[in-house]
Each structure stands twice: as structure tokens, then as C-alpha cells.
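Fold and geometry: a report
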Amino acid sequence: MIPIRNRKKTLQVTVEEMRNFAFAYVEKYAPSKQQLKTYLLKKYMKLSSSDVRKKDVNKLIDIVLSDLEKTKFINDQFYSESKAKSMIQRGSSINKIRNYLIGKGIHDEFIKDTVNKIKEDNSDQDFFSAIKICKKKKNRAG
């Protein structure tokens, strides 16, 4: 059996490693919290030896994610709004935006806020989306 102080040191190193992986991923992709959690879980399960339990890894990941949220490195509300804006510009419907955000693991509360903002700012988003689709089909046919 491993002495406790060695185990604690390993735990600390693990949190530090995980933070570094998280920072690198956030810098490159600006993910949602759920995307980052999935990435870290996959990455860490590949790296770690079999003596580390999945439950412990999840705890570590939650600690790292919590720290990143506190320091505003990840922010699902911002993620939700920025993705929605870019999807609006591409002519996506409100349903498509909502489903995309659900698929990325965004909390229901943030999705509702984002959808309400879209409806306030662009009351006819679904109509504009339909027109854009029609134009695309017309151009393909023509």
C-alpha cells in the first residue's frame, strides 16, 4: 500500500497537470463547462494508471472546473450567448440554437436566458432563418 503522504503529493500533481490541460484546451477552443469536463475525463483516463478510480478523477475535475469558473476562464452563460450570436448570423433557427446548446451541456437556465434575448433582439429569427434556407435552396436549384 502507498503511504498517505505520497498519495497526497500525487493528488496535488494531478490537480496541477489537470489545470494545465484545462488551460491549454480553454485557450484553444473556448469550450462549455461540459465539453471541458468530457475532455479532461478522456485525457486523464488515458494517462492515469489503473489504480486511480474514476470517482476520484471526477472529484479532481470538478475542483479544476470550479476554479476555472471562479476565475472566469469558463463561463457557460457567455458561451451560450456568443454561440447563439454566431448561429444567428448564419441564419440558424431558435430551435437549432437551443438544441446545439443542449448538446454542449449548457444549463437550462442559460439556454432560456439566451433564447429570450434572441426573441427580444430578433423577434422574427425563425422567419429570417426560413428565408435564408429558401435562398440557399433557390441558389442550388438555379
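Residues numbered from 1 in each chain as written. Predicted model: local features only at pLDDT ≥ 70, side-chain atom pairs only at ≥ 80, totals over all residues. Heavy atoms only, no water.

Details of the packing of aromatic side chains
All told, the structure shown has three aromatic pairs when counted by the stated rule. Between the aromatic rings of Tyr25 and Tyr29, the centroid separation amounts to 4.8 Å while the plane-to-plane angle is 45°, which identifies the pairing as tilted. You can see Tyr25 and its partner Tyr29 sitting in helix α1 (residues 4-29), four residues apart, about one turn around the helix. Classification of Tyr25 as buried rests on a relative accessible area of 17%. Consider the rings of Tyr25 and Tyr39, whose centres lie 4.0 Å apart with planes at 10°: the pair is stacked. Pair noted here: Tyr25 is in helix α1 and Tyr39 is in helix α2 (residues 33-47), with a separation of 14 residues, a long-range link. Among the residues examined, Tyr39 registers a relative accessible area of 24% and is labelled partly exposed. Grouped by ring-pair contacts, the aromatic residues Tyr25, Tyr29 and Tyr39 constitute a single cluster. (Phe/Tyr/Trp six-rings, centres within 6.5 Å; stacked < 30°, edge-to-face > 60°. Helix = DSSP H or I, 4+ residues; strand = E, 2+ residues; numbered from the N terminus. Buried < 20%, exposed > 50% of the residue type's maximum accessible area, 1.4 Å probe, protein only.)

Considerations on the pattern of salt bridges
Within the structure shown, the criterion is met by five salt bridges. Arg19 is paired through a salt bridge with Asp67; the nearest N and O atoms lie 2.3 Å apart. You can see Arg19 sitting in helix α1 and its partner Asp67 sitting in helix α3 (residues 54-70), a full 48 residues away along the chain. Residue Asp67 is classed as partly exposed on the basis of its relative accessible area of 25%. Among the salt bridges present, the one from Lys37 reaches Asp62, with a minimum N-O distance of 3.0 Å. Placement of the pair is Lys37 in helix α2 and Asp62 in helix α3, with a sequence separation of 25 residues. (Salt bridge = Lys/Arg side-chain N within 4 Å of Asp/Glu carboxyl O.)

Side note on the packing of helix α5 (residues 94-103) against helix α6 (residues 108-121)
Close contact between α5 and α6 brings their axes to 10 Å; oriented N to C, the two are set at 160°. As the angle between them shows, α5 and α6 are arranged roughly antiparallel. As α5 packs across α6, the resulting crossing turns out to be right-handed. For the pair formed by α5 and α6, the contact residues are Ile94, Ile97, Arg98, Leu101 and Ile102 on the first element and Ile111, Thr114, Val115, Ile118 and Lys119 on the second. Grouping the amino acids of the contact of α5 with α6 by side-chain chemistry returns seven nonpolar, one polar and two charged. (Axes fitted to C-alpha atoms, helices over the stretch in contact; angles between N-to-C directions. Parallel < 35°, antiparallel > 145°, perpendicular 65-115°, else oblique. Left-handed = near helix turned anticlockwise from the far one by under 90°. Contact = heavy atoms within 4.5 Å. Nonpolar A, V, L, I, M, F, W, Y, C, P; charged D, E, K, R; others polar.)

Quick look at the confidence of the model for the protein chain
Reading fine detail from the predicted coordinates is not recommended where pLDDT is low. Mean pLDDT over the protein chain: 82, with 82% of residues reaching 70 or higher. Ranking the helices and strands of the protein chain by mean pLDDT puts α5 first, with 94, and helix α7 (residues 125-141) last, with 71. In the model, residues 1-7 has pLDDT below 50 throughout and makes three contacts with residues more than four positions away in sequence or in other chains. (pLDDT = per-residue confidence, 0-100.)

Details of a positive patch on the surface
A grouping of Arg90, Lys96, Lys132, Lys135, Lys136, Lys137, Lys138 and Arg140 is seen on the molecular surface, where their side chains present a positively charged patch. Counting residues per element, the positive patch draws most heavily on α7, which supplies six residues. Checked against the element boundaries, Lys136 lands in helix α7. (Patch = residues over 30% accessible without salt bridge, like charges linked within 9 Å, V, L, I, M, F, W, Y side chains within 5 Å. Areas by Shrake-Rupley, 256 points an atom, 1.4 Å probe, with all protein chains shown as cover. Lys, Arg positive; Asp, Glu negative; His and termini not counted. Charge placed at Lys NZ, Arg CZ, Asp CG, Glu CD.)

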